[in-house]
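Survey of secondary and tertiary structure
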Amino acid sequence: MNSRVDFSRVNAIALRNSDAVLRGLLPDGKRDGQEWVARNPHRNDRHLGSFKVNLETGKWGDFAAGDRGGDLVSLAAFVARTSQRDACIRLAESLGVNPFE
């Protein structure tokens, strides 16, 4: 089996299923227009607001802490505190797709 992870394909599929992906990664969040608003899982947020994910692009950020990324794989890596490769594989498996090229 080829061990090269297809980040672009997994990100595209995750983005098409962004509501479900974000409910899994940030279950305390909620949809607000084209954004998913949640608490940062790595700090003691009391209220929703500063941690947002764009549902159209996958870009995310915590504007209070400065954490940010450009896609849902990087968000999955951030939430799980793992490598992007491992996060991509786990995300692909959760979506029922092959993560490899």
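Up top is the structure.
Anyway, here's the lowdown on the structure attached to this text. Note on numbering: residues in each chain are counted from 1, in written sequence order. In view of the model being predicted, local features appear only for residues whose pLDDT reaches at least 70, and side-chain atom pairs are presented and counted only at 80 or more, with totals across whole chains, interfaces and linings using the full set of residues. The basis for every side-chain value is the complete set of heavy atoms in the structure, and neither hydrogens nor water enter the calculation.

Describing unusual backbone geometry
Residues other than glycine seldom take positive phi values, yet arginine 81 does so here, at roughly 55 degrees. Think of it in three bands: residues with accessible area under 20% of the maximum for their type are buried, residues over 50% are exposed, and the middle band is partly exposed, with areas taken using a 1.4 Å probe on protein chains only. Taking the relative accessible area as the measure of exposure, arginine 81 reaches 62% and is therefore exposed.

Comments concerning the nonpolar core
Throughout, nonpolar core names a set of buried Ala, Val, Leu, Ile, Met, Phe, Trp, Tyr and Cys residues whose side chains join them through atoms within 4.5 Å. Counting 25 residues, the largest nonpolar core has Leu22, Leu26, Trp36, Phe51, Val53, Leu72 and Leu75 as the members making the most contacts within it. The helix count covers DSSP runs of H or I at least four residues long, the strand count covers runs of E at least two residues long, and both are numbered beginning at the N terminus. Counting only elements with at least two residues in this core, the list comes to helix H1 (7-16), helix H2 (18-25), strand E2 (35-38), strand E3 (51-54), helix H3 (72-80) and helix H4 (84-95). Sort the elements by how many residues they give to this core and H3 lands first, with six residues. For leucine 72, the residues in contact, after removing those within four places along its chain, are Asn11, Ala14, Leu15, Ser18, Val21, Leu22, Val53, Gly58 and Leu91. Contact between two residues is taken to exist if any of their heavy atoms lie within 4.5 Å; hydrogens are not considered.

Quick notes on the environment of aspartate 71
For aspartate 71, the position within the fold is in the loop between strand E5 (68-69) and H3. Placed 17 residues apart in sequence, aspartate 71 and asparagine 54 show a C-alpha to C-alpha distance of 9.1 Å. Aside from chain neighbours lying at most four places away, what touches aspartate 71 is Asn11, Gly58, Lys59 and Trp60. Whenever a nitrogen or oxygen atom comes within 3.5 Å of another N or O atom, the pair is scored as a polar contact, on the condition that within protein one atom can donate a hydrogen and the other can accept it, and that pairs from neighbouring residues in sequence are kept only if both atoms are in side chains. A distance of 3.3 Å separates the side chain of aspartate 71 from the side chain of asparagine 11, its partner in a polar contact.

Some remarks on the side chain of asparagine 40
Mapped onto the elements of the fold, asparagine 40 is located in the loop between E2 and E3. At 2.7 Å, the side chain of asparagine 40 and the side chain of aspartate 62 are in polar contact.

Points about the packing of H1 against H4
Simply put, an axis is a line fit to the C-alpha atoms, just over the touching stretch for a helix, and the angle between two N-to-C directions goes from 0 to 180 degrees. One way to put it is that H1 packs onto H4 with a least axis distance of 10 Å and a crossing angle of 45 degrees. Compared by their axis directions, H1 and H4 come out oblique. When you trace H1 past H4, the crossing you get is left-handed. Only Gln84, Arg85, Cys88, Leu91, Ala92 and Leu95 of H4 make contact with H1, whose side of the interface consists of Phe7, Val10, Ile13 and Ala14. Gly is put with the polar residues, along with every residue not named as nonpolar or charged; the nonpolar set is Ala, Val, Leu, Ile, Met, Phe, Trp, Tyr, Cys and Pro, and the charged set is Asp, Glu, Lys and Arg. Class assignment for the residues of the contact of H1 with H4 results in eight nonpolar, one polar and one charged. Angles below 35 degrees are treated as roughly parallel, those above 145 as roughly antiparallel, those between 65 and 115 as roughly perpendicular, and all remaining angles as oblique. Definitions for this section: a left-handed crossing has its near helix turned counterclockwise from the far helix by less than a right angle. A right-handed crossing has that turn clockwise.

Concerning the environment of valine 21
If you trace the backbone, valine 21 turns up in helix H2. What makes valine 21 buried here is its relative accessible area of 6%. Excluding residues that lie within four positions of it along the chain, valine 21 makes contacts with Ala14, Leu72, Leu91 and Leu95.

Brief notes about the packing of aromatic side chains
Working definition: a ring pair exists when centres of Phe, Tyr or Trp rings (six-membered ring for Trp) sit within 6.5 Å. Plane angles under 30 degrees give stacked, over 60 give edge-to-face, the rest tilted. Applying the stated criterion across every chain, the model contains three aromatic pairs. Both rings, one in tryptophan 60 and one in phenylalanine 78, keep their centres 4.9 Å apart while their planes meet at 35 degrees; by these two values the pair is tilted. Here tryptophan 60, found in strand E4 (residues 60-62), pairs with phenylalanine 78, found in helix H3; they are 18 residues apart in sequence, far enough to count as distant. One aromatic cluster is present, formed by Phe51, Trp60 and Phe78 through successive ring pairs.

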